[in-house]
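Next come the chains, spelled out residue by residue.
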Amino acid sequence: MTPKTDEVDRIVQAWVSQRPDLDFSPLEVLSRVDRLSKHLDRARREAFRRSELEPWEWDVLSALRRAGEPFTLTPKQLLLQTLVSSGTMTNRIDRLVSRRLVHREADPGDGRSILVILSPDGKTRVDAAITRLVDAEAALLAHLARTDRERLAALLRKLSLEFDL
């Protein structure tokens, strides 16, 4: 039985015929990752949209939710988890406060600092979004056996660790 081919196979084959002097194996991997990331991005945006959240809102709210009870972090902790500037984080917190998805309180342990706290509505939305996200991502991987998913996750982890140094 002949293996199925995809668009990346066709692109690489065309390049091989034009430039047989080059090793196109990186394209075979990373072009697929790039194409799959577009499907993932659409699935994530839809999961967030259905929970009435923007992707940036998801980033902040999910960081608070993952912190566990009482779902509280400092702006600095949020900065480290979301990788945005302090000005951007201040703007995001302001917008989330205006939507009543979070609120601010003075930090009882440090009078100079504030805490950002996930509101009940924020918790409801982020919980709905993670459920939708997990379902959408499971659908994207439905054609892979669990062992294949585990092997792929291990390989991607190995590759991504090189960039986390």
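Here the residue numbering is sequential within each chain, running from 1 through the sequence in written order. A pLDDT threshold of at least 70 governs which residues receive local features in this predicted model, and a stricter bar of 80 or more applies before side-chain atom pairs are shown or counted, although totals over entire chains, interfaces and linings include all residues. Processing note: side-chain calculations cover all non-hydrogen atoms of the structure and skip hydrogens and water entirely.

Caption draft 1: Molecular detail of the UniProt feature "domain: HTH marR-type" (unreviewed entry) in the protein. UniProt positions are given in the numbering used here, feature names are shortened, and annotations may be inferred rather than shown by experiment. Mapped onto the present numbering, the UniProt feature "domain: HTH marR-type" (unreviewed entry) falls on residues 26–161. Overall, residues 26–161 shows 70% helix and 12% strand. The separation of its end C-alpha atoms is 18 Å. By definition, any uninterrupted DSSP run of H or I lasting at least four residues is a helix, any uninterrupted run of E lasting at least two residues is a strand, and each is numbered from the N terminus.

Caption draft 2: Representation of the nonpolar core within the structure. Joining through side-chain atoms within 4.5 Å is the link that ties buried Ala, Val, Leu, Ile, Met, Phe, Trp, Tyr and Cys residues into a set, and such a set is a nonpolar core. Only protein chains enter the area calculation, which uses a 1.4 Å probe; residues under 20% of their type maximum are buried, those over 50% are exposed, and those in between are partly exposed. In terms of nonpolar packing, the biggest core is built from 22 residues, with Leu61, Leu64, Leu78 and Leu96 touching the most fellow members. Looking at this core, the elements that each hand over two or more residues are helix H2 (25–50), helix H3 (55–66), helix H5 (86–98), strand E3 (110–118) and helix H6 (120–140). Here, two residues are considered to be in contact whenever any of their heavy atoms come within 4.5 Å of each other. Contacts of leucine 96, omitting those with residues within four sequence positions, involve Trp56, Glu57, Val60, Leu61, Leu101 and Val102.

Caption draft 3: Examining the packing of H3 against H5 more closely. As a rule, the C-alpha atoms of each element are fitted with a line to give its axis, helices using only the stretch in contact, and angles between N-to-C directions run from 0 to 180 degrees. Axis separation between H3 and H5 bottoms out at 11 Å; the angle between their running directions is 90°. With respect to H5, the axis of H3 lies roughly perpendicular. On H5, the residues touching Trp56, Glu57, Val60 and Leu61 of H3 are Met89, Arg92, Arg95 and Leu96. Across the contact of H3 with H5, the residue classes break down as five nonpolar, no polar and three charged. We call two directions roughly parallel when the angle between them is under 35 degrees, roughly antiparallel when it is over 145, roughly perpendicular when it lies between 65 and 115, and oblique otherwise. When residues are sorted by character, Ala, Val, Leu, Ile, Met, Phe, Trp, Tyr, Cys and Pro go into the nonpolar class, Asp, Glu, Lys and Arg into the charged class, and all the rest, Gly among them, into the polar class.

Caption draft 4: Seen up close, the pairing of strand E2 (residues 102–107). For E2 and E3, the ladder comprises six bridges, and the chain directions are antiparallel. Each bridged residue has a counterpart across the sheet, and for arginine 104 the counterpart in E3 is valine 116. What sits between the antiparallel neighbours E2 and E3 is a turn of two residues. Each pair of strands is called paired provided DSSP finds at least two bridges between the two strands.

Caption draft 5: Spotlight on the side chain of arginine 125. For arginine 125, the position within the fold is in helix H6. A 3.5 Å cut-off defines polar contacts: any pair of N or O atoms within that distance qualifies, except that in protein one atom must be a possible hydrogen donor and the other a possible acceptor, and neighbouring residues in sequence count only when both atoms are side-chain atoms. A distance of 3.2 Å separates the side chain of arginine 125 from the side chain of glutamate 52, its partner in a polar contact. In this structure arginine 125 touches Ser51, Glu52, Leu53, Arg99 and Leu101, once residues within four positions along its chain are discounted.

Caption draft 6: Spatial organisation of the packing of aromatic side chains. Note on aromatic contacts: the rings of Phe and Tyr and the six-membered ring of Trp form a pair at centre separations within 6.5 Å, being stacked when their planes are under 30 degrees apart, edge-to-face when over 60 apart, and tilted otherwise. One pass over the structure, following the stated rule, counts two aromatic pairs. Ring plane angle 20° and centroid distance 6.3 Å describe the contact between tryptophan 15 and phenylalanine 24, whose orientation is recorded as stacked. Its relative accessible area of 43% is what places tryptophan 15 among the partly exposed residues. Of the residues examined, phenylalanine 24 reaches a relative accessible area of 9% and is grouped as buried. Ring geometry for phenylalanine 48 versus tryptophan 58: centroids 5.0 Å apart, planes at 20°, classification stacked. Within this pair, whereas phenylalanine 48 is found in helix H2, its partner tryptophan 58 is found in helix H3, the two being separated by 10 residues in sequence. The buried category is assigned to phenylalanine 48, whose relative accessible area is 5%.

Caption draft 7: Spatial organisation of the sheet that holds E2. Read across the open sheet, the three strands follow the order E1-E3-E2; overall the sheet is antiparallel. Sheet topology places strand E1 (72–73) and E2 at the edges, where each strand pairs with a single neighbour. Across the sheet, H3 lies against E1, E2 and E3, angled at about 100° from E3, the strand it touches most.

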